[in-house]
Amino acid sequence: MMSTAQQHQTEDTLAQINKRTGRNMPQAIATSVILIAVIVACLLISIDAFIVLIIAFMSLALWELRVDFATVGLHIPVVLLWICSTVTLLATYYAHWHLVTAALCIMISLVLVVLFATLKLNFGTRVSMAVANKVANTDAKARLESSFNHDRAEHFHSRFSHVAVSVFTVLYIPLLASCIVISLTFNNHPVAHAITLVFLPALSDTGGLLAGAWLGRHKLSPRISPKKSVEGLIGSMLFAMAGAFAVFAVTYSDRWSTLWWVPILTGILVGVVGTFGDLCASMLKRDIGIKDMGHLLEGHGGVIDRVDSILLTAPFLTALLWVTGM
């Protein structure tokens, strides 16, 4: 049993760690363990189950964006986006011409979303309730401009603004997510590809978090994300590189002599692009005036806060795996 003094010391240490990382670390670790278990279970069951998991996560991410944009009076047709995203991801995987199908579905989605973005259709009060909860924890300006407080958001934004953020959402969620799905369709290594695209960015985030918390001295972009550091970026690359070597050793051990450089390039790529994805998400949150994109994952903020680096690295990693024949 710990004494009272030891308990206070432990609590103080944990509070300092939480402050430096910007997260509730016990919750973050517990959530990460659950997510890893769910992803691994889906991969062990079948790739089809993993596809369903991707669709579920992207649907949650779309809902978070719907609420986040609504806090500043912007509307995206979330129901249509759910349908388009589901159809795009399923068709991309099951169709014979995967890349062509993905491109066709994205183009159709863009046309439909542009048409529906100007209608501003709402179903029920779920969005209003979610926005009310969101603006209660944000700054005064975002609270004043919230679509929850102003039914006619055109007072603040033109119809083109609603169309623009809706198009952005299509390019950000279903387009990038389809790159994850495409990686599962070639070279007969779907599990290795899934681990590369999902776990390496997550491992990179962990490396950046640890290195930044303990060694961070030089700010990477203090205006956009004050907690990001050069040391954190180096930690991200090293952790991703270590994970890439592990995947390579298990799956491609017979190709060391010719492709030894791929894990090194993968680590650098994941570290740099993943960090850029985090900064883009931080910039979006700063412009909207919110702290977290959502609260669906304890200790991690929202789903988008968890998958932003995964989404942005997906096209680069998929292209690398395809070009190298891995």
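Residues numbered from 1 in each chain as written. Predicted model: local features only at pLDDT ≥ 70, side-chain atom pairs only at ≥ 80, totals over all residues. Heavy atoms only, no water.

On to the packing of helix 4 (residues 78-94) against helix 5 (residues 98-117), then. For any two helices packed against each other, one specifies the inter-axial angle together with the distance between the axes. Helix 5 packs onto helix 4 with a crossing angle of 170° between their chain directions and a minimal axis gap of 8 Å. One way to sum up the angle between helix 4 and helix 5 is to call them roughly antiparallel. From helix 4, Leu 80, Leu 81, Cys 84, Thr 88, Ala 91, Thr 92 and Tyr 93 reach across to helix 5, where they touch His 98, Thr 101, Ala 102, Cys 105, Ile 106, Ser 109, Leu 112, Val 113 and Phe 116. (Axes fitted to C-alpha atoms, helices over the stretch in contact; angles between N-to-C directions. Helix = DSSP H or I, 4+ residues; strand = E, 2+ residues; numbered from the N terminus. Parallel < 35°, antiparallel > 145°, perpendicular 65-115°, else oblique. Contact = heavy atoms within 4.5 Å.)

Taken as a whole, the chain shows an average pLDDT of 80; of its residues, 74% reach a score of 70 or greater. Of all secondary-structure elements in the chain, the lowest mean pLDDT belongs to helix 7 (residues 140-145), at 50, while helix 4 reaches the highest, 95. (pLDDT = per-residue confidence, 0-100.)

Next up on the list: helix 5. Compared with an ideal rise of 1.5 Å per residue, which puts 20 residues at 28 Å, helix 5 spans 28 Å between its outermost C-alpha atoms and is within 8% of the ideal. Buried residues of helix 5: Thr 101, Ala 102, Cys 105, Ile 106, Ser 109, Val 113 and Ala 117, and no others. Take helix 5 and look down its axis: the buried residues cluster within an arc of 130°, on one side only. Exposed side of helix 5, more than 90 degrees from the buried face: Val 100 and Leu 115 are the residues found there. Here the buried face of helix 5 lies against helix 4 and helix 8 (159-183). (Expected span 1.5 Å × (residues − 1). Buried < 20%, exposed > 50% of the residue type's maximum accessible area, 1.4 Å probe, protein only. Arc of directions from axis to C-beta.)

In this section: the packing of aromatic side chains. Counted by the stated rule, this structure contains seven aromatic pairs. Between Phe 245 and Trp 256, the aromatic rings sit 6.0 Å apart at their centres with planes inclined by 15°, giving stacked as the arrangement. With a gap of 11 residues between them, Phe 245 in helix 10 (residues 230-251) and Trp 256 in helix 11 (residues 256-259) connect regions that are remote in the sequence. The class for Trp 256 is partly exposed, based on a relative accessible area of 32%. On the basis of an interplanar angle of 55° and a centroid distance of 4.6 Å, the ring pair of Phe 248 and Trp 256 is categorised as tilted. (Phe/Tyr/Trp six-rings, centres within 6.5 Å; stacked < 30°, edge-to-face > 60°.)

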